[in-house]
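# An overview of the molecular structure
Here's the letter readout for the chains.
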Amino acid sequence: MEFKHTSVLLHETIDNLKVHDGGLYVDATFGGGGHARYLLSQLKEGTLVGFDQDEYAIKTAQGNFADFLQADSQPRLELVHNNFSHLTEELEKLGHGLIDGIYYDLGVSSPQLDQAERGFSYRFDARLDMRMDQSQDFDAYQLVNQYSQKQLADVLYRYGDEKFSRQIARKIVEKRQIKPIETTFELVDIIKEAIPAAVRRTGGHPAKKSFQAIRVEVNHELDVLQASLEEAIKLLAPGGRISVITFQSLEDKIVKKTFKKYSEVEIPRGMPVVPEGMKPALKLVTRKPITASAEELEHNNRSHSAKLRVAEKL
Ligand SMILES: C[S@@+](CC[C@H](N)C(=O)[O-])C[C@H]1O[C@@H](n2cnc3c(N)ncnc32)[C@H](O)[C@@H]1O
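Cut-off values and rules
- Residues numbered from 1 in each chain as written.
- Predicted model: local features only at pLDDT ≥ 70, side-chain atom pairs only at ≥ 80, totals over all residues.
- Heavy atoms only, no water.
- Helix = DSSP H or I, 4+ residues; strand = E, 2+ residues; numbered from the N terminus.
- Rg over C-alpha atoms; globule rule 2.2 N^0.38 Å.
- Buried < 20%, exposed > 50% of the residue type's maximum accessible area, 1.4 Å probe, protein only.
- Contact = heavy atoms within 4.5 Å.
- Areas by Shrake-Rupley, 256 points an atom, 1.4 Å probe, with all protein chains shown as cover.
- Lys, Arg positive; Asp, Glu negative; His and termini not counted.
- Charge placed at Lys NZ, Arg CZ, Asp CG, Glu CD.
- UniProt positions renumbered as here; feature names shortened; annotations may be inferred.
- Polar contact = N/O pair within 3.5 Å; in protein donor to acceptor, adjacent residues only side chain to side chain.
- Salt bridge = Lys/Arg side-chain N within 4 Å of Asp/Glu carboxyl O.
- Pairing = 2+ DSSP bridges.
- Phe/Tyr/Trp six-rings, centres within 6.5 Å; stacked < 30°, edge-to-face > 60°.
- Lys NZ or Arg CZ within 6 Å of the ring centre and 35° of its normal.
- Near = heavy atom within 4 Å.
- Nonpolar A, V, L, I, M, F, W, Y, C, P; charged D, E, K, R; others polar.

## What to know about the overall build of the protein chain
- Helix and strand content of the protein chain: 15 helices and seven strands.
- On C-alpha atoms alone, the protein chain measures out to a radius of gyration of 21 Å, which is about the 20 Å that the 2.2 N^0.38 rule sets for 314 residues.
- Here the C-alpha coordinates of the protein chain stretch approximately 60 × 55 × 40 Å along the principal axes.
- Taking all 314 residues of the protein chain together, 52% fall into the buried category.
- Considering only intrachain contacts with a sequence separation of at least 6, the fraction spanning at least 24 residues in the protein chain is 69%.
- Taken as a whole, the protein chain presents about 15500 Å² of accessible surface, with 50% of it coming from carbon and sulfur.
- If the 42 positive side-chain charges of the protein chain are averaged to one point and the 46 negative ones to another, these points end up 8 Å apart.

## Regarding the UniProt feature "binding site: S-adenosyl-L-methionine" (unreviewed entry) in the protein chain
- Under the present numbering, the feature "binding site: S-adenosyl-L-methionine" (unreviewed entry) in UniProt falls on Gly33, Gly34, His35, Asp52, Phe84, Asp105 and Gln112.
- Residue position: Asp52 is located in strand β2 (residues 47–52).
- In this structure, Asp52 is in contact with Thr29, Phe30, Gly31, Ala57, Ile58, Val80, His81 and Asn82, ignoring residues within four places of it in sequence.
- At 2.8 Å, the side chain of Asp52 forms a polar contact with the backbone nitrogen of Asp54.
- The residue Phe84 is located in the loop between β3 (76–81) and α5 (87–93) in this model.
- Classification of Phe84 as buried rests on a relative accessible area of 10%.

## Structural notes on the pattern of salt bridges
- On inspection of all chains with the given rule, the structure shows 19 salt bridges.
- Here Glu312 and Arg241 are joined by a salt bridge, their closest N and O atoms 2.9 Å apart. Here Arg241 lies in strand β5 (residues 236–246) and Glu312 lies in strand β7 (residues 307–313), a separation of 71 residues in the sequence. For the residue pair Glu312 and Arg241, the accessibility class agrees, reading buried in each case.
- Three or more residues are tied together by salt bridges with common partners; here these are Lys171, Glu174, Lys175 and Glu193.

## Some words on the pairing of β7
- Burial within β7 is extensive, with six of its seven residues counted as buried.
- Where β5 and β7 come together, six bridges link them in antiparallel fashion. Within β7, the residue paired with Arg241 across the bridge is Glu312.
- Strand direction decides the pairing type here: strand β6 (residues 282–284) and β7, joined by three bridges, are antiparallel. By the bridge assignment, Leu282 is partnered in β7 with Lys313.

## Side note on the packing of aromatic side chains
- One pass over the full model with this rule turns up six aromatic pairs.
- Both rings, one in Tyr122 and one in Phe211, keep their centres 5.8 Å apart while their planes meet at 90°; by these two values the pair is edge-to-face. Taken together, the residues Tyr122 in the loop between α6 (110–114) and α7 (140–146) and Phe211 in helix α12 (residues 208–218) connect sequence positions 89 residues apart.
- Its guanidinium or amino end placed over the ring of Phe65, Arg37 lies 4.0 Å from that ring's centre, counting from NZ or CZ.
- Geometry around Tyr159 places Arg158 over its ring, the cationic atom sitting 5.8 Å from the centre.

## Things to note about helix α3 (residues 55–64)
- All of the buried residues in α3 are Tyr56, Ala57, Ile58, Thr60 and Ala61.
- Lining the buried residues of α3 we find β2, α4 (66–69), β3 and α6.
- You can read the cap of α3 off the contacts: a side-chain oxygen lies 2.8 Å from the backbone nitrogen of Tyr56, and it is on Asp54.

## Details of the environment of Glu92
- Counting through the fold element by element, Glu92 comes out in helix α5.
- Overall, Glu92 belongs to the exposed group, its relative accessible area being 58%.
- Separated by 81 residues in the primary sequence, Glu92 and His11 have C-alpha atoms spaced 29 Å apart.

## Regarding the site of the ligand
- Taken together, 25 residues surround the ligand, and among them Ser7, Asp52, Phe84, Asp105 and Gln112 come closest.
- The separation between a nitrogen atom of the ligand and a polar side-chain atom of Asp105 is 2.8 Å.
- Here an oxygen atom of the ligand sits 2.8 Å away from a polar atom, N or O, in the side chain of Gln112.
- Taken by itself the ligand offers 610 Å² of open surface, and the protein chains cover 98% of this.
- Broken down by class, the residue content of the shell around the ligand amounts to seven nonpolar, 14 polar and four charged.

Structure representation (structure tokens):
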């Protein structure tokens, strides 16, 4: 099976992990495995554990990475079909202890957007879905048809920074009283109707922000991130590194805040030396996030909003 996805900040993400032979690494968001293949090319022996909550990503990887999945392969890949909110428990099940590095490449993959039936895209007509994990019950159809007007407006405003969140929420509630809103194109038409015509003609696609917001809520994207980062920091061996690529400011804020929390300590007044138990767990490798080079910006549209932060366990 094909998985067409151009990896963002590929070398910057992996090179900063300082991969060494015999190490244990985790790819929290495997997708098409672009980052994974580059990491594996740097390991003569050692293991990479790849997580993805999307069954399509895992199934494709089982074919495309078959050689690395053999029990005696060196380096070896192990795949986990689960949310990265279950890092500790899944690594334990595989018999692993501390890890030497982990990376996250957040958000959606190109196939998720490009396969019309996944219902992620305002460009294709499909049933409202947007679940990354197809075994999850809650989907965009339920959100759009069951959330209260206030809940809808809050989601659109908080996760999409949508200026017309209240107007769109009101229009959704008005329309669904006539019949349930079933498809992406029905939702696009409702959003267009709710936004003033003059605004609609400026900027990007009128449904872009709302679709992003609904996707983030359906997949609980921000809810699981901080807890997973904290688990990852605990799982890192001393000297181990964590790289995180984000694509929107709320995600980047969570990464920045979590790295700050673990890299700073408040020294009690009058105490000349920081007691052992109070030393920070992390050292920042990047004070400012790394962004895409001019060359990458030119040929990978997704790289425009990408920010990479890296930290090291002390
Ligand atoms: C941007 S893609 C990763 C692309 C990959 N780095 C590559 O080079 O091909 C993000 C992937 O992460 C997965 N994902 C997003 N959030 C996740 C989560 N909380 N747990 C597990 N997988 C997640 C998505 O299903 C998607 O396949």
